Structure formats: C-alpha cells, structure tokens
Amino acid sequence: MAIFTHKNFLRAALALALMAGTAAQALDPAVPITGYHHDIWTSREGAPREVDTMAQTADGWLWLGTVTGLHRFDGVHFEAFKPAPGENLLGKRITSLTALPNGDLWIGYTFGGLSRLRNGRLLHLASGAGNPIGATYGLVVESDDNIWVASTSGLMHYSGGKWEKIGADWNYPSPRAELVHLDQYGRLWVADQQKLYLLDRAARKFQSTGHSATAPMLNQSPDGRLWLTGKDGYTPLPPPPGQPLPRSPWHNRATALSNLFDRHGNLWAGCPAGLCRTLPSTWQGKNGAFPRSAADDRLDQPWQMGSLNVHSLLEDREGNIWIGTPAGLERLRQNKLQTVLFPPTAGYLAFAQEEDGTAWAASAEAGLLWRMDAGGQAVKQETGQKVYVVAKGRDGSVLIGGDQRIERRKGGVVEIWPLPPLLEGENGKNFVLILSDDATGTWVGIGGRGLYRRENGQWISPGEHKGVRGPLYAAADSKGNTWFGFRNNKLLYHERGKLTEYGPAQGIDLGAVTFVDTQKELLIAGDNGMAVLRDGKFLPLSAADPGLLSNVSGMAITPDGDRWLNTSKGLAHVTAADWQRSIAHEDTPLRYELWDSSDGYPGAAAMVVRTPSALAGSGGRLWFVGTGGIAWFDPARLERNTAVPAVRVTGMHSDGVPHALDAGLRLPPGTGKLQIDYTALSYTMPERVRFRYRLDGVDQDWQEAGPRRTAYYTNLGPGNYRFNVEAVNEDGVSSGIHSAEAFVIAPRFTQTVWFAALCALAAALLAYAMHQLRLRQLTRRLRERMHERLVERERIARALHDTFLQSLHGLILHFQAVANRLPPGSDTRALMDKTLTQADQVLIEGRDQVMDLRVSRNCLSAALKEAGETMAANGGCLEAPGEEPFALTVRVEGKERELAPAVHDEVYAIAREAMSNACRHAGASVLDVQLAYGAREFTLAVRDNGKGLNHATQTQGKAGHWGLTGMRERAEQIGARLEISNRAGSGVEVLLMLAASQAYAGK
C-alpha cells in the first residue's frame, strides 16, 4: 500500500504537473467571462441538487457531494454511487470530498463520520455511536495512519488506529476547526472561525500566525503563494525561507473550494450574488492584499446561472471550471473561437482589415460602422452617413460604402468618392452591395442603380459595360482581373474589357454563384455546393455531409495551406493534404473538422453581404463573419485538448439483469440480449467524444458508435467474449484500446457438444431405421416377385415334364425300337446307338433343368439330396463307369433356416454345379455336402475325393467350360465369398460364406 508522506505526495504531484501541463486548456484571462462556453445542468438534465463539494479522482471521475448522496459524472450522465454489496455510506448528506493521487476518495458527512473509497470498496474510519467527528469541513491525509480532520467537533487527528481531539496539549485552544491545509512545503495550517495556526512539527505545537479572517479559507495561486481568504478579501502568507516551490497541480482538483486560482491565474469566487472573476493582472498589480470587490467581471444575473448561490468551485485536469450550486452543476470552458460583441440590432455584418491590422465592420441593416480596438472590442464610429459594406482594397486599404460616398482608408488617410448623382427614376437609398478593386479601378454595385465603375477618378455608368449586369459577387484575381458570379450557373471573367463566360458547358451546376475565391485555385460556391476550376472545367467538391458545402461564403487560407471554410453549418477546417487530395480526385470527399456553436461560432455563415465572410488577417488571426456576429482565433495560439480520454466500461445488462463486468463473469445459459455501457472521462467537450467498439467472439471489425455510449447485441450464443472500446476526443486524441474483463455465456444443454453428439447419434439411428425399413420393403417386394417367379417356374416345370420330356422319352423309345431292328455291328446301328446315347444325355439335362425349376425353397438340404440322387440315378456321376458305388452325404449344422429367395437359388445352383463337377469330371466316389447355419454366417461346403484341379483350372476355369466362372459370378451376385481349393491328399473343396444378415429370409 502506498504511503503518501509529504515527499511522496510532492513527487506524485510534480509528475502530474508534467502530464497535466500538456493538457492545459485553461480559461484565457483575455476572454470576458461571458465569452466562455457556459453549460448548466439542473434536475431537468438529471443533475443532483445542492452540490456542496466536488473532487476529481486519479481515474478521471468527477465526484459530487450533495444532500442526496454521492454522485459521479462523466460529462454526459449523472450516476448515483452504488456501494459494493453489504456496504453503505454513513449518510446521504456529504459536506467534504478529498481525492488523493493514489486514487482514494475520502468522504466527510454533515452529521459526522469519515469514509474512504478505495478500488470500489468503502472503509469507515469514524462511524457508529462513538464517532468523534462532527460535520467535516476538510481533511489532510498524510498517510493511512496520519489523518487530520477539521470539523464542528474540533480538530481531529487519526494515528495509531485511534482518534485524538487536538486541544491544549497541542496549543490549539478552539473547540472547532474551519479548515486544515497541507502546503507544498509540508506545512500544516489550521484555522478556527477567525485565527490561523501553523503546526510546529518538532514541538508538536500549533503556533498562532498572527493572521485572522472572518470565515477563513486557504488557497494557492499558480506561482505557489498561499493566500488567506476571508469575508473581506485576500491576504498573501509568507513562504518559508529558500527556493519557492510551485503549486501542486493536484490542488484544484483534489477538493472543491469556495474560491480558487485557476492555472492561468484567474481568481474565481462566489460573489454575494453569482460568480466573480478577478484577472491575474488585477490581483498581481496589488502587490499584496486586495479586497473581494476588486473582481473584474461576474455572472450575477438570474438568466446567467442556474443559481446565483455558489457552493463550490473546482478546476479539472483539462482546465475547465466547475461550479456547484443549489440548482445543480455548471461548467465554464474555453471556446476555440472568440467573438466580438455587437448590438443585437446589428444584423448582417461585413468585415475587412487594413494591412496594418486595423479591422472594420459594417451593418447592412443598421447602417453602422465599427472599428475594432486593441482588445478586440467593437467601437462604434460616427460617419455622417449610413454605412452598408466594407471591403479590402487591393492596395492594403479598406473600402467603406455608404449611402452618400465611398471611402478608402489606409493608415489614417481617407480618400472620399461621392456617389454618382441620381438619375431620374433611380432608387435614392443608394444601398451599396458590392465593392471590389481590380488592377485599374473599383467596381461599385448599388442596389436599384446597377454596377458602376470608378476609374481614373471618374464614374463609369452601368450602360458602359452592359455585359456585366446584376452580378451577385465580384472578386479580383492576382492579375487584377475580375470574376463575377451570377444567377443560373453563370460566371464572367472580365479581363480589361474582354468578357469570357462560363456556364453549364464548363461544368457549373451550383444554381446562383454567390461566392468566388481567387487566392489559390479558382473556387466558386452557391446553393448546390462548391466547384474548383481545373483544365478549363469546374469540378464539384463533395463532403460526407452533402449540405456542408452549400452556400459557402468565405475561405481563409493559413500559411501552411490549410483551408478554413465558412459554411452554413459552421466553420470547416480542411488540412492542406486533404484539400489537395480531394481536388485531385473528384470522387474523394473532403475530410474536415467542423466547429459550430459549441466552439463559439456565432450562428452560420453570413450570406446576405456580398463580401468575403472569412479572411486571414494580419498578426495570424483568422476572422469569420456569422449570422450572430464576428469571431476570430489565432491558429498559433490555439490550445488543443491533449488529455487522453480515460475509457471505462461501467456496466453490463443481460436480458435486463445488471452485472458488474468483473473477472470470471459467467452469464446464465440462454442469454440472448446484451447491453454494455461504457464512457470516456473527457470533460471539455464530452459530446464530441467518438467511440468505436468490438466484441471479440462476435465482431470481425470495429463498430463505429459515434457519440453513443452503449453497445447492444442480440442472438448471442454460448462462448467466450471480451469487449474492447476506444475513444477519441474532440481534438483527435485517442484513448487507445481498452479491453474489459473477459466473460462467458454458459450454454444450454441443447447448445452443448453432448447434445450435438446425441442429435448426430439420433440422426444416424433414424437413418439406420429408415434404411432398415426401406430394406424390408424392398425385401418384401422381392419375395413377392420371387414367389411369382417360382410359381411360374413350377408351372413351366410341370408343363415340360408332362409334355416335352414325356414326348421326348417316347420318341427315344421309338428310335430304340428302330435301332434294335438294325443288324448289330452295322454302321447304321452304330450311328443310331450313338445318337440314342446323345438323346439320353439330352433327356437327363432336360430333367435336370426341370428339377432346377421345381427345387424346394423350404429345405435346401433335401433339395441337394434329391439332386444328388437324381444325378446317380441318371448315371451322370462319372465320366466312365467305376467299380465303387457313389456315396453322397448331406450334413446340416445348426438349425436349418429358410434362405432368402435369391440366395437360396444361387446357393443351390453353386452347390449343384460343384456336385455335378465332382461326379462328372473329377471321378469322385465320395461327395460330402455341409450346410452350416450360424448366427453370424451361413456356410456351404462341398468336398469330394476326386482327382482335384490343376492351378490354371482352379484360377481361370477350364477352356470351353463355364461352370467355375458361373459359380463365382453367382457368389458375387449375392455378396458371398467363394473359395475353391484342392484338399490335402485328393479332392476339391468348394467353400461359400455369406453373412447371416444377407443369407436368411426375414433379415
């Protein structure tokens, strides 16, 4: 924990001085008090009432102590302080706030007690029934264990974990203390209701200083001097011997005062009514004490303040002055532009400046002329005529146009030109609208009379230059020739009597051409925007706000090439680089910075007067004429707000429920709507602070929020998130990226991986069930078709047996009878016997095919036995008769089951082919057929004791025979594995294996 002794405090204060020095934007003493930007917040704007004390903590928050509690303010929103759960303030009525450089905020109460707010947590150092502290007026914290409090119960000192009331032992006689103050030298000052005391630390005694005041207060001026303030005035106190030390920059923001010196030396104080200011030149010129009545200016009218009763004053780190009143809160800040005050009746103004810096203004409505004094104030001039317009002459003079004469003034020398005599029927008002010098003369436009020209001391009437009639604007270029703007997109160039016209054909599309500028490029402006001449064509300029460039009436150019455009929406600043980029590329909008009434701009650009409403004057000042007056500023002395905005994420709401965005935050499952509140502690122009944000886990790019201080998200899913935000103040100073604590949105069960896995499993099971259902449907249809095929095969088999085979057998018997009649041994008999043998073979094959058609599907083993017996009965078991009888065995393992129709037929065909091969070609006498009905697999094995197969026949089949090839094709057709191999010893084994799910019926 940091201990802020005097030395440590001083080091911190000096460091803050270095940082704050670059951010200084204090109130310029040269500006009248009414020339500052003044904002008022009352209950209508959400401000608390009775702002009795203020402080700005190290994190940038502005804290307000009121009769309704503790509040904080970010420049836009007021927020009542919400203690951490289980904690509370000691009371609502707060009389004292003190901020320390380490971030602590100390709180004193009207009805006694003392609290410390550190990192959002409260610690009460004096509370309860034994509270020794009354109403607190001020305190000094030298360390956490060395605290001084001035209160109604006296001067209290906290040390060693207990409170001590300072009295006679310390040579402090008063039962009450009005103030306690620690200066930059480490001296501790205390005052009662009148007398001022100084602590002798070595002796632990307070010594009377000999100074007294009614309602005493202590304050410090920027030079470090300490002042005793009383009801009647201000008295400087002597510094200690040695090198003077500057005032701590923390002084004016640590706690509110009833009077204060700002960083420029302005002395602010509550008047008997309102707010008073004493200029540094005034109090410094007194060389000592001075009275309160020495104030130079004040806000003391009811319409000037929310309340004329000033309770507290504070200067923030950016140099703004804050005023607490019973009505709420007020702020004074520096405007970028300084305005020149004119009478409300002045109306539309024209402005011009001589080359020596003498500035003139004329009112087209009131007919008055003013001259600006050294202080920038307008001084009315007596002219003996009504003056309507002023303009800058080509020779550095100023032209003044009135209803009787034209005056050219330069360096105190006045040249007078009486207006041309009135002709019959002309308007006698002589309202001068246009004054423009060129190389050889002066153009003078008089309302109702036309455009005159003054050349070589003579007037040339409008009839002498008929081509130039009714111009709206006139401007001479660097060659001394004149450009005239007209209605209907018309522009004329007058070159020593020669006229060149430009119009829509040259790209002019502005409506009325009401402004022409020839300082650099030829620039024209009108109702529809601005255009620049390039290569004989006018190219339009654009901006992000399409209406910005409408009716521009003036442009000032600084030595660095920056343009300052006087527009209908305020003053637009375009850097030289941005200007060149846009005029070089027609499709590139102008980038600009806009100053408006918040910056002190008076109204909008003046457009009625036909002279430039913006000019770069002598001494570096830029002048601008608006509908509400004339304003100026010096770019070289322009103070920018370089204070880095302090970004804070202030809260989060999920589905309307508030959350503190602390580390480890876990939002409940199903969180769909998210609101994140953030702010930037920048107090000069908080309304101009711009934000952008990004939520990691959602946003790919930054979201531009403008001045909005809330981010909204919907339809968020579960996951990890982190909110990032960046702020940029009115002068382009960035806060850098501020990343809040990460948070998590917990998933619903339906959003978890387990649920997704279950869904995938359910989908797979559903797909499997659908597949099985479809398979069963197809199987049922196949069974029906197979049944139809079997019925048809049995019908065909019956027909063949009963007709064709019987007839064929009868025919063979007839031929056998014929053969028997032929002589034995004859060639004819031998041929007939051979033919009958072939016929018998055909009959056997026919019977085999009929048997195939009539095979029983209910019992495969019986069918195979029948097939074997048929082959033996028909003598088809051996190619040559053998001595040993043929032996057939059909064995069944497991419970015999019905095979699927297609499987049954193919298995039977394969088995029969294997049996036939063994009988007919292998010379086998033993044939073993095995059917194994397993739970996982069906197996058919056909084994013989024949001569076996050579390798070529085993792998490729016998040439001209297709039995083995057919067996393999049939096995492949039903998805079975078929293996044909020679057995050990002799014989062949044919092995067919098929999965149960494919083999059995009903699977």
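Residues numbered from 1 in each chain as written. Predicted model: local features only at pLDDT ≥ 70, side-chain atom pairs only at ≥ 80, totals over all residues. Heavy atoms only, no water.

This part covers the domain arrangement of the protein chain. For the protein chain, the domain assignment lists domain 1 (37–237 + 252–334), domain 2 (348–470), domain 3 (513–632), domain 4 (646–746) and domain 5 (859–999). The C-alpha-based centres of domain 1 and domain 3 are spaced at 47 Å. (Domains from an automatic or database assignment.)

Now for the sheet that holds strand 32 (residues 369–372). Read from one edge of the open sheet, four strands run 30-31-32-33, paired in antiparallel fashion. Looking at strand neighbours, the two that pair on one side only are strand 30 (349–353) and strand 33 (378–381), the edges of this open sheet. For this sheet, the mean angle separating the axes of adjacent strands, direction not counted, is 30°. Pairing analysis gives three bridges linking strand 31 (residues 359–363) to strand 32, with the strands arranged antiparallel. Each bridged residue has a counterpart across the sheet, and for Trp-360 the counterpart in strand 32 is Arg-371. (Pairing = 2+ DSSP bridges. Helix = DSSP H or I, 4+ residues; strand = E, 2+ residues; numbered from the N terminus. Axes fitted to C-alpha atoms, helices over the stretch in contact; angles between N-to-C directions.)

We now examine unusual backbone geometry. Within the chain, Asn-489 stands out as a residue other than glycine whose phi angle is a positive 60°. Relative to the elements of secondary structure, Asn-489 occurs in the loop between strand 43 (482–485) and strand 44 (491–495). You can call Asn-489 buried: its relative accessible area is 15%. Located in the positive-phi region is Asp-535, a residue other than glycine, with phi close to 55°. On the secondary structure map, Asp-535 appears in the loop between strand 48 (529–534) and strand 49 (537–541). Residue classification places Asp-535 among the exposed positions, given a relative accessible area of 78%. (Buried < 20%, exposed > 50% of the residue type's maximum accessible area, 1.4 Å probe, protein only.)

For the rest of this paragraph, the subject is the packing of aromatic side chains. By the definition in use, this model includes 42 aromatic pairs. Ring centres of Tyr-678 and Phe-723 lie 5.9 Å apart, and the angle between their planes is 35°; on these two criteria the pair is classed as tilted. With Tyr-678 in strand 60 (residues 674–681) and Phe-723 in strand 64 (residues 719–728), the pair connects residues that are 45 residues apart, well separated along the chain. The class of Tyr-678 is buried, set by a relative accessible area of 2%. (Phe/Tyr/Trp six-rings, centres within 6.5 Å; stacked < 30°, edge-to-face > 60°.)

On to the sheet that holds strand 42 (residues 473–476), then. The sheet built from four strands is open, its strands ordered 42-43-44-45 with antiparallel pairing. The open sheet has two edge strands with one neighbour each: strand 42 and strand 45 (498–502). Between one strand and the next, the sheet's axes are offset by a mean angle of 20°, whatever the strand orientation. Two strands pair when backbone bridges link them, and strand 43 and strand 44 are joined in this way by four bridges, in the antiparallel orientation. Across the sheet, Trp-483 pairs through a bridge with Tyr-493, a residue of strand 44.

Moving on, we come to the pattern of salt bridges. Counted under the stated rule, the structure contains 40 salt bridges. A salt bridge links Glu-178 to Arg-176; the nearest nitrogen and oxygen atoms lie 2.8 Å apart. Measuring nitrogen to oxygen at the nearest pair gives 3.5 Å for the salt bridge that ties Arg-977 to Glu-937. Of this pair, Arg-977 sits in strand 70 (residues 977–982) while Glu-937 sits in strand 69 (residues 937–944); the two residues are 40 residues apart in sequence, bridging distant segments of the chain. (Salt bridge = Lys/Arg side-chain N within 4 Å of Asp/Glu carboxyl O.)

A few words now on the nonpolar core. If you look at the biggest cluster of nonpolar residues, it comprises 39 residues, and the most contacted ones within it are Leu-860, Leu-899, Val-907, Phe-938, Leu-940 and Leu-992. In terms of residue count, the dominant contributor to this core is helix 8 (residues 901–920) (nine residues). If sequence neighbours within four positions are ignored, Leu-940 has contacts with Val-907, Ala-911, Val-929, Gln-930, Leu-931, Val-990, Leu-991 and Leu-992. Grouped together as the second largest cluster of nonpolar side chains are 32 residues, Val-516, Leu-523, Phe-538 and Ile-583 included. (Core = buried A, V, L, I, M, F, W, Y, C linked by side-chain atoms within 4.5 Å. Contact = heavy atoms within 4.5 Å.)

Per the stated rule, a full pass over the model turns up one disulfide. Between the sulfur atoms of Cys-271 and its disulfide mate Cys-276 the distance is 1.4 Å. In this structure, the disulfide formed by Cys-271 and Cys-276 twists by about 140° around the S-S bond and is classed as right-handed. Of the two residues examined, Cys-271 and Cys-276, each falls in the buried class. (Disulfide = S-S within 2.5 Å.)

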